[in-house]
Amino acid sequence: MNDSYDFENEEFNFIDDELPPIKRIRDMNQTELLQRFKSFFKSSDRAMLQDCLFRIVNRSDGTGVLEILCPNDVVQHRLSRKSVKISNTIRTCWGHVKFFSICIKKDDEFSCKRFKYGGHLLEDT
């Protein structure tokens, strides 16, 4: 017979100094926000994201666009299939980012797939 550990009788007395500090999203810098963004994905998706470059372009109307530059069209295609997940995750990190683009560079030109909230494709450029 297996004796399972009874957690109900355990006392968890944590001292606040022993716990890692919780940083508010508004206090995070862009690198920390990007790390937070990547942490919401499975390890295989994070591996794809590690090979990508990121930037946020702030538009004159106050909204932002997250641009993801992929190393090749295979990664672009795989990330495009995860557009809903990317869109939902953006909301947890950046309040002003309303659109995102998944791009690749071919022959010194960018080919991008643009998405809006909900992961809906806007257009291929």
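How each quantity is defined
- Residues numbered from 1 in each chain as written.
- Predicted model: local features only at pLDDT ≥ 70, side-chain atom pairs only at ≥ 80, totals over all residues.
- Heavy atoms only, no water.
- Buried < 20%, exposed > 50% of the residue type's maximum accessible area, 1.4 Å probe, protein only.
- Helix = DSSP H or I, 4+ residues; strand = E, 2+ residues; numbered from the N terminus.
- Arc of directions from axis to C-beta.
- Contact = heavy atoms within 4.5 Å.
- pLDDT = per-residue confidence, 0-100.
- Pairing = 2+ DSSP bridges.
- Axes fitted to C-alpha atoms, helices over the stretch in contact; angles between N-to-C directions.
- Parallel < 35°, antiparallel > 145°, perpendicular 65-115°, else oblique.
- Left-handed = near helix turned anticlockwise from the far one by under 90°.
- Nonpolar A, V, L, I, M, F, W, Y, C, P; charged D, E, K, R; others polar.

Structural notes on helix α2 (residues 43-50)
What α2 keeps buried is the set D45, M48 and L49. Looking down the long axis of α2, one finds its buried residues gathered within 100° of arc, a one-sided arrangement. Residues of α2 that are exposed and angled more than 90 degrees away from the buried face: S43 and Q50. Buried residues along α2 sit in contact with α1 (30-39), β1 (53-58) and α3 (73-80).

Comments concerning the confidence of the model for the chain
Taken as a whole, the chain shows an average pLDDT of 88; of its residues, 85% reach a score of 70 or greater. Per-element averaging of pLDDT across the chain places strand β5 (residues 120-124) at the bottom with 77 and strand β2 (residues 64-69) at the top with 96.

Here's the deal with the pairing of β2
Taken together, the 6 bridges between β1 and β2 define a ladder with antiparallel strand orientation. Within the sheet, the bridge partner assigned to N58 lies in β2 and is G64. Taken together, β1 and the strand that follows it, β2, pair antiparallel across an intervening segment of 5 residues, in which G62 is found at a positive phi of about 95°. Of the strand pairs in this sheet, β2 and strand β3 (residues 97-106) are connected by 6 bridges, and their pairing is parallel. What sits directly across from E67, in β3, is S101.

Points about the packing of α1 against helix α4 (residues 83-93)
Axis separation between α1 and α4 bottoms out at 9 Å; the angle between their running directions is 140°. Comparing the axis directions of α1 and α4 gives the class oblique. Considering only the axes of α1 and α4, their crossing is right-handed. Here α1 contributes L33, R36 and F37 to the contact with α4, which in turn contributes I86, T89, I90, T92 and C93. By residue class, the composition of the contact of α1 with α4 is 5 nonpolar, 2 polar and 1 charged.

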